[in-house]
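# Analysis of the macromolecular model
Listed below are the residues making up each chain.
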Amino acid sequence: HHISLSYKLTHNIELLKTLFIDDHIDVQVSANLQGLAPNLEGSVQIIVDGLKSIAYAFNTYAYDEQFKLIIRNNHNSKSLANAGYPKEIVLVLNAQRNDTKVNSVFDIQIDAKSMKMSLSASRQFVLGTPVELNAGVQHTIPFIKKLGLPFTVKAECNGMLNDSDLGASLKLNYEPTGNLIVHVEGKSQPSNKELLLIVLQNLPILSYLPEALEIEPKVNYSSNMIAGSLNMILDKSKLNAFTVFTIGDSGYGEILEMAHTIPQLKAIPRKLVCNTDYHKNGRAYRLSHTSIYEDQELRFLGHYGGPFPKIFGRHEIHVDLAHPFTVPLPRQSQVRMNLSHSLLSHQDDIVINWDKKDQVALQASLTLDDGRLESEAKLQHPFKFPLEKFQLKCLSERRGQKYNQKARVAWNGGRPTDLKFTLEYKLESNLTVWDTCLDFSSGQLQPFLNIQSLHSCGFAKQTQNLLIESLELYWDDKKINQSFEYQNHRPMRLDNIWIAATFSNIFQPSCGRQDILGRIQTDYRSQLNHYLKVAFCNMSNSVKLSGRHVRNRGDVVLSSQTRASLSSDEKHDAVLGLSLRNGGQSDSKNYSLEMEWKASESSHLALLGTYTASLLNSRAALEGVVDQSDKIKLVAVHKMGCQQYYTGYTRGTSDEEEAELSFCSKEDGMAKVELYRILNQTRRGKLGHLSFAVVNKSMQSVLRVTAQGCPHLITRTETKLSEIVFQFKNHLLKKLKEFDLFVWKFRKNFQDADFLYETCGWMLKLSQKTADLVKNGGRSFRQMWKLSRLRQLLLQVVPLYLAKIQETIQQVQGELKKPIATLKEAYHEVTLKELDQQWKQKTEEYLEKIQSFVPTVVQDAWLLDKLQGALHISKKAFDLATNQTVKWAEAKLTKATSRIQKPLANLYKHSSELCSVTVNVPLWPLGKQLLDVANITNYLVETKLIKGLRSLYNINLVAEYYRLKRRIMDTPFEHQALLVGSKHYVTFDGKMYDFASKCGFLLAKDFQGYSFTVLLNHEKNGRNSLRVEMNQTAVDIYPGLKVEENCKASDLPLLKNGVTVKRDLNEVKVSDQNGVTVSCDMQHHFCSLTLPGWYHGRSAGLFGTNDNEAGNEFTLPNHSQAENVQEFAEEWQIDAGCRSTDKKIKQCFGSAFQYFCKTLFRSTYSPLRNCFKVVNPAPFYDMCLNDVCESSDLQPACSLAAAFVHLCHRNFVPLQIPSQCVSGKVGDSVLNDDVVKSGQWLATKQADVLFIIEERDCNKPIIAKLPSLINSLVETFRKQGVLGVKIGFIGFGDDGIHEQHILTVKSDNTTSPPWYLEKELGNLMFTRNVTLNVPAAVKLVTQWPFRSEASKGAILLTCSRCLHTYKASEDTLQYMLASSGIVLHVLKGMRFQMKNGERDASIVSIDATHLFRAGSAGFSKDRPSKALRHHIVLPSDDVCLTAAMESGGAIFDSSQLLRQSNHFLHLFSCQVTRMDKAGICGSHRSIAD
């Protein structure tokens, strides 16, 4: 047979290359096989790449009793040779057999080396026939030699086995002279077994084993005996052992003898003889054992006699032990145990003997007789324990219903301790009697118990209605007598409980007797009477505490009176009473409450309260009375739609002063709230007034709100309340002093009674705490009221803004009187051009065009002159007609707006002299239910009025003005839609929504004239492009101002087929001749589509329908309405293979960019705030939050801000893009347009200063000085000519960044009102926690809405270190401050450290080059300043200090502000305003106050 195979292998696997397998291999394989089994001949050849070959050949031969196998392998591969594979291998196996033997030879040839193995053995094994086995190995391989196999090894083995004999030998010749000989002989007889093993060897590999070993074991046995021996010779050492084991009818015996000279068995004695014997004779058992070794003897003897396993009977146990060991046990010891047990008695004796005498003895006995049990136990031992001898005796007896128990304990021969207990009882059907006594003698326990003897007896008796219990206890000279009695008289009378106790010599040595008597009477439901009397030996009068308590009886809900008596005169008793009654009927309620506390005739407190209610009226009153003279009254009355609240105070016989708050509402639409001052129940003056009324005025319903109240009435009321509180406090403090005196007198009588003495001490401490609370209780509330925003709102803010509203309305009325001038002013604000000049310029341009056109038509000179004159006259006439038209229009508009002026004048009226304000709000006639003022009064007062007054604080008059102007100038002629980024959409009719996808969509298309199409495409590289199709021209706009026309790059400007494409800076604009315009602002990433008015209702797509109906913006191609944005977008998708899924963005919290979104679209001080009343900022804020969570960048927020500004411009509101979003490249760094260089500082006329305040308690003293610091800054700015100063605040703490605040200082107000600063700073929330987000707060400085034309400074007030974080490193802060042009200053309590490690407390401030020290006259700047400044070392882990130095700022020690305030203010102001660099302050060598 022949097989031929061809393979090709190509690979790039490094592992195969390391195995010498090339990356390109051609393999040819051929195989040949001839002959018939078992005579075969075959070959296999493998050729690689036509050069390398591997050949295999084999031959097998078999004839008669012989078999031969030959295998050859050769190759010519260098790779295999380098790997160690032999070039030629020949294997020859030759085997043959005859009748008696089997022979085999195996030859291996490996190149020039060889190995031959031969084996010859007997062919079969037969019992009684000799067996032979010969084997040999010869080789010339060094590697095998290193493994321990020599070049020549021969082995010969022969032996024979029959039924009773065994003989065998093994001889191993190990080159050159090593031998191993093993010989085994054995005999097996019915009662005899023998075995002999001999081993001789001198092999090097077994050098650690003995050279000669002989082992001979023998065993002989019979029916009652077994004997055995073991003889072992190990080189020159011997071991001989012999043992005999015999078994008899009554026991067994064993003998063991052993002797050896083997060093390895040194732990075993060289000579050992052991003899063990066990014998049984009836009930006697005996066990003995003897061991003799090395001339030492161990003996053990044990004896037992008794009826085992029965318990009853006599048991004897004797044990003797003698040993030679050095262990902590006696060398000779004995144990004797005698146990005698019967049914009624037990006797146990245990004795342990050593050193030939009794050492430990234990005796125990128990005897049981009729009604009698006696037991005794004794223990004695020689050990050094505290208890050497112990004896216990117990006796228990019972005779009928009497029980006795006695016990005696003694130890170490001392006086015994006795205990005796007796109990006698009687049990009958209705009678139970118990009588018991206990006697105790301490004996040897007296030093521990301090009691020599004790006697106690008790008695108890119980019948059906009676329980009596008594106890007498005596020990030494002390005595206690106690009794208890309970009588059950229900339901006829009250149950009685008596308790009496007498203590003699128990508590105080000076007072040997105390008596307590108590009684309780109750029915457990509605009545409880109690009486307690405590008498001490040295008291002239006993202490009595009694009380009577009743509930739910008649009209009494609860009545309680408790009286404490210290003397026989009831005038000095202390009384506490409480009474609650219900005298109401089914149709009315009448509750009364009386609480009374009387410590003596001079100290009396009472609280009286009543509550009555009927169907129409209700009244609640609460009155507090002190000593029947001072009274405080609180009353609330509700009747007939009115609610009245009174509070009053009366002292002695003086007039009663009250305050009344009245709130009334009626069904005719009127409600009012009034506050009166009342003297002796007569109204003497009105403190405040607030009313709501619906009146009919000019055939229209008007809601009139009137409020009146002057601030001086509030301050007068505050003064009066302070006076009343002061008087009441003094009176209460006087009563507390009288109470303290009463307790001191009471306490003096109980100096020997610790409990009562301590109780009086607790009462005195409670009285002192109450006095402290009365003294300081109202102080915090009064301080809180003075600093509260409500007080400031009522006294300062509300009057200020009410006047501002009045001024604004008057200004609006003035604008309405001249509407044309208002329109001209609005046109100027939007275009920055005068309307009259523009009109004149346009008419002159048209006249010039006509004049230049006339000569081309008229050639006659005379006629030409006439026409020129006629044109000049026409222009004059046109101007005159225009002026007349304007006057006519102004008259018409004035007449039209006059209808607004009068209602506007009636809308709001404010009088600062009368402290009143009136608001008239027109109501539409929608039904009576909306005019039901009685039902909505609370809603108007709490929600509308108070919330409206609060909103006045944040009112933006400019925004309100632009909202009014927008309504006047708004026109629906033009429609515009916006695409901001790639997912924010503003439709033609103002609807805003978000949708993010990677698919293409149709934004807008003319579905009537097909004049334009706008598509949003998504490129494969991830960028979006905008395609505009107009007049068979397609324009693609890409990011980066790249424009393609019909898929070809085009240069701009471009004019084709009436389509104009041009570029202006960062804006690309595409328009046609009909006014359709697509504009893309590439810098701020938003595009707009503007459609003229005649395209009304013709467009559809993601930009919605331009039909002025916001409700149908989600119109689908089939003219139906989509349910959601996802459905709407999928229907206008242009690439069907793409799957559009709106990506959901998870909300993130705590991001600094979220704060930027809030600054732009929600803050009261946003740079975009003037347009908030025209364009709704809420959708922009939501979009901004989603964008910054997705990208963590300012760019999406700036894009939304630019789109917002764009919409504001379209609505005639002039705004600028925030300064943080305006950037330009200078070299490789990005600088904001609002960066003001240090050299330009004095040229600016505006300044913005931002305070970043850490809200920790350590900053509170600095915050108190902050108003003075700010006023000093403003004054220093004013000296430099900087009049427009804006102060900002950011508070931060452990819970994040808080709401920012801005304070603007105008040019006519150089200092800020203190109350304004206190109000702003009052919003800070201080805590003790350490702040970890200082760098995050400093980073937010760069996002503050600084004015672009103003200088920028930030002042960090902190107590914490500004540590490195992965988000705020030192380089990041320095870069952000430098790129924003912000100078950072740090105000912090710190002592500056010198390079030598010392701290200098005199240094006040440092900047990059100078340091300033405190002196007697002020601060000085040392010379040379640079050398001393360089000795200052700043903390390396505080990144804010380093950033302040790099930004050009300074670091101040805030503790110097507290020590030298005026000097510090001057230095601080000069450093922050940079006056020193301008030369205004001059040298700071000496700065005086």
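Read on for an overview of the structure. (Residues numbered from 1 in each chain as written. Predicted model: local features only at pLDDT ≥ 70, side-chain atom pairs only at ≥ 80, totals over all residues. Heavy atoms only, no water.)

## Regarding the overall build of the protein
For the protein, the helix and strand inventory stands at 25 helices and 79 strands. Expressed as a percentage of the 1489 residues in the protein, the buried residues total 35%. A fraction of 43% describes how many contacts in the protein between residues 6 or more apart in sequence connect residues 24 or more apart. (Helix = DSSP H or I, 4+ residues; strand = E, 2+ residues; numbered from the N terminus. Buried < 20%, exposed > 50% of the residue type's maximum accessible area, 1.4 Å probe, protein only. Contact = heavy atoms within 4.5 Å.)

## Let's talk about the state of the cysteines
Summed over the entire model, instances satisfying the criterion amount to eight disulfides. Residue pairing for Cys 437: its cysteine sulfur links by disulfide to Cys 457, the two sulfurs lying 2.2 Å apart. Between Cys 437 and Cys 457, the disulfide has an S-S torsion of 110 degrees and is therefore right-handed. With a gap of 20 residues between them, Cys 437 in strand β29 (residues 432–441) and Cys 457 in strand β30 (residues 453–462) connect regions that are remote in the sequence. (Disulfide = S-S within 2.5 Å.)

## Structural notes on helix α22 (residues 1439–1446)
Most of α22 sits out of view: seven of its eight residues are buried. Along α22, the residues that are buried comprise Val 1439, Cys 1440, Leu 1441, Thr 1442, Ala 1443, Ala 1444 and Met 1445. Capping of α22 at its N-terminal end is provided by Asp 1438; its side-chain oxygen lies 3.3 Å from the backbone amide nitrogen of Cys 1440. Downstream of α22 by one or two residues, Gly 1448 has phi in the positive range, about 90 degrees. (Polar contact = N/O pair within 3.5 Å; in protein donor to acceptor, adjacent residues only side chain to side chain.)

## Topic: the sheet that holds strand β64 (residues 1099–1100)
Remark on secondary structure: sheet strands pair via backbone hydrogen bonds, oriented parallel or antiparallel. A sheet is described by the order of its strands in space; here seven strands give the open sequence β58-β57-β56-β55-β54-β53-β64, paired in antiparallel fashion. Two strands lie at the open edges of the sheet, namely β58 (1048–1049) and β64, each paired on one side alone. Inspection of the sheet shows strand β57 (residues 1042–1045) paired to β58 by two bridges, in the antiparallel sense. Opposite Glu 1045, over in β58, you have Lys 1048 as the bridge partner. (Pairing = 2+ DSSP bridges.)

## Considerations on the environment of Ala 599
Topologically, Ala 599 is positioned in the loop between β39 (589–598) and β40 (604–613). Among the residues examined, Ala 599 registers a relative accessible area of 4% and is labelled buried. In sequence terms Ala 599 and Asp 573 are 26 residues apart; their C-alpha atoms lie 6.6 Å from each other. Setting aside residues no more than four positions away along its own chain, Ala 599 makes contact with His 572, Asp 573, Ala 574 and Phe 742.

## A few points about the pattern of salt bridges
All told, the structure shown has 26 salt bridges when counted by the stated rule. Between Glu 376 and Lys 378 there is a salt bridge whose closest N-O contact spans 3.7 Å. Classification of Glu 376 by relative accessible area gives partly exposed; the value is 26%. A salt bridge links Glu 674 to Lys 672; its shortest N-O distance comes to 4.0 Å. (Salt bridge = Lys/Arg side-chain N within 4 Å of Asp/Glu carboxyl O.)

## Details of the pairing of strand β72 (residues 1383–1388)
The buried fraction of β72 is high, at six of six residues. Bridging between β72 and strand β79 (residues 1451–1453) involves three bridges; their strand directions are parallel. Following the sheet pairing, Val 1386 is matched in β79 by Ile 1451.

## Here's the deal with helix α17 (residues 1260–1279)
An ideal rise of 1.5 Å per residue puts 28 Å on 20 residues; α17 measures up with 30 Å between its terminal C-alpha atoms. The principal kink in α17, of about 40 degrees, is found at Leu 1266, preceding the proline Pro 1267 by one to four residues. Among all positions of α17, only Ile 1262, Ile 1263, Leu 1266, Pro 1267, Leu 1269, Ile 1270, Ser 1272, Leu 1273, Val 1274, Thr 1276 and Phe 1277 are buried. Directly beyond the C-terminal end of α17, a positive phi value near 90 degrees is found at Gly 1281. (Expected span 1.5 Å × (residues − 1). Bend = angle between axes of the 7 residues up to and from the residue.)

## Here we look at the side chain of Ser 1272
In this fold, Ser 1272 is placed in helix α17. Residue Ser 1272 is classed as buried on the basis of its relative accessible area, which comes to 16%. A polar side-chain atom of Ser 1272 sits 2.6 Å from a polar atom in the side chain of Ser 1469. Not counting chain neighbours up to four residues away, the residues in contact with Ser 1272 comprise Leu 1465 and Ser 1469.

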